[in-house]
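Residue-level structural notes
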Amino acid sequence: MLKELDPEKLSIYVTSLIVVILVTPFIGRMEPGPQKPQHHIIYAASVAATLLLLPEFIQDEIFSPGGVVVVGTILPIYESILAVCTIKKTDDKYWLQYWITSGTLSYATEFIDKIRDVFPRGGEHWYEFEFFFTLWLLLPYTDGAYVIYEWFTRPLLAPVANRITTMIRHRLGWIEFLLLVVNASHLWIVWYVFVSFPEEQRRFVVVAVGTVYPTAASMAAVSSEDEKKGNEGADVAFWLTYWSTFSILFLAMDYLENFLGEIRGFYTTCLCVTVWLFLPIFNGADYVFRKVLVPLTGQHENMILRDVHNVKMVIMESIPEWHRSSVLQRAADVLSKTEAVSRPERAR
């Protein structure tokens, strides 16, 4: 959990954020290369050298919850936004593989602070491990997320995730229907049970709702071998937008709970927003992504170009080949004549 930051720690985190901003363009230009064992050996040697040579007082600040947040959340959020706004789909899959592992790690280590209190020696170096493990996951030359996906997620977890998501999707229409027609008097009972939980359990419920099913659905989207046909490519993009928006919500919750966590409606609000983000009936993640994150990162034009490309792919898939070139030409004419057509209409 993030603690209230004193001025010294705040300055360190701000400096770390500036470093991330400076490093991001270089990481973005690095394409994942072929997997070579020497890359992982070099990385392990670099980690060992860093731990041996870096002064302890600097390690205490960098290898901390704040340092993990900067490396494991802020940079991936920004890169995920850029990936969704580009035409190529390989970077979408690359970052969704990262979020699958990261989401699983976040859920599995939710009680790490309590474990560290009980076993201080065992948890003494936890944040060092989490920091370097996160770097290993996202750096293009180690590409640890892909390694875990290929050797563990796809053969062992993806088949189960596919069955779960297929079952839930078949019943999701009924779930949405029940959410619309259920009597409000029944909903307050669910809310009363939820708010009666201790603060830590309410937080755990929010994290579980925000990570368990989205992780399974993300596995199913990435593991589809026919990604370029049907809606699988759209699923990858949707879940990437979800992880971008949910991660921001999680960061806000993680900090604000220091001040608002005891208020009964705080975790209820976080839970409702989480469900709003990923349920198809609301499609909140796409709304926040397009209305907030895309403009903030200056990717509005790239997002439009991606939408145009998706329209082209729909035409290529749904229009017969003999008629396809004619439809594409008409679509190009519509795009090129939009400005010329709109001016006379304004004059009227």
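Here is what the cut-offs are and how they apply
Residues numbered from 1 in each chain as written. Predicted model: local features only at pLDDT ≥ 70, side-chain atom pairs only at ≥ 80, totals over all residues. Heavy atoms only, no water. Buried < 20%, exposed > 50% of the residue type's maximum accessible area, 1.4 Å probe, protein only. Helix = DSSP H or I, 4+ residues; strand = E, 2+ residues; numbered from the N terminus. Salt bridge = Lys/Arg side-chain N within 4 Å of Asp/Glu carboxyl O. Contact = heavy atoms within 4.5 Å. Phe/Tyr/Trp six-rings, centres within 6.5 Å; stacked < 30°, edge-to-face > 60°.

**Some words on unusual backbone geometry**
Of all residues except glycine, most have a negative phi; of all peptide bonds, most are trans. One non-glycine residue, Asp-143, lies in the positive phi region at around 50°. Residue classification places Asp-143 among the buried positions, given a relative accessible area of 6%. Its identity is not glycine, yet Asn-283 carries a phi of approximately 55°, on the positive side. As for its position among the elements, Asn-283 is in the loop between helix H12 (264–278) and helix H13 (284–296).

**Structural notes on the environment of Gly-265**
When you line up the elements, Gly-265 lands in helix H12. Between the alpha carbons of Gly-265 and Val-195 there is a distance of 7.7 Å; along the sequence they are 70 residues apart.

**Overview of the pattern of salt bridges**
With the rule as written, the count across this model stands at six salt bridges. The salt bridge involving Arg-203 is made with Asp-254; its shortest N-O contact spans 2.9 Å. Of this pair, Arg-203 sits in helix H10 (residues 199–223) while Asp-254 sits in helix H11 (residues 232–260), and the two are 51 residues apart along the sequence. When sorted by exposure, Arg-203 lands in the same class as Asp-254, which is buried.

**Focus: the side chain of Glu-130**
In this fold, Glu-130 is placed in helix H7 (residues 126–138). In this structure Glu-130 comes out as buried when scored by relative accessible area, which is 14%. Residues contacting Glu-130, with those up to four places away along its chain left out, are Val-68 and Leu-105.

**Regarding the packing of aromatic side chains**
Scanning all chains against the criterion turns up 18 aromatic pairs. Relative to Trp-239, the ring of Phe-238 lies with its centre 5.0 Å away and its plane at 75°, an arrangement referred to as edge-to-face. Accessibility classification places Phe-238 together with Trp-239 in one group, the buried group. In this structure an aromatic cluster arises from ring pairing among Tyr-94, Trp-95, Tyr-98, Trp-99, Tyr-213, Phe-238, Trp-239, Tyr-242, Trp-243, Phe-246, Phe-250 and Phe-278.

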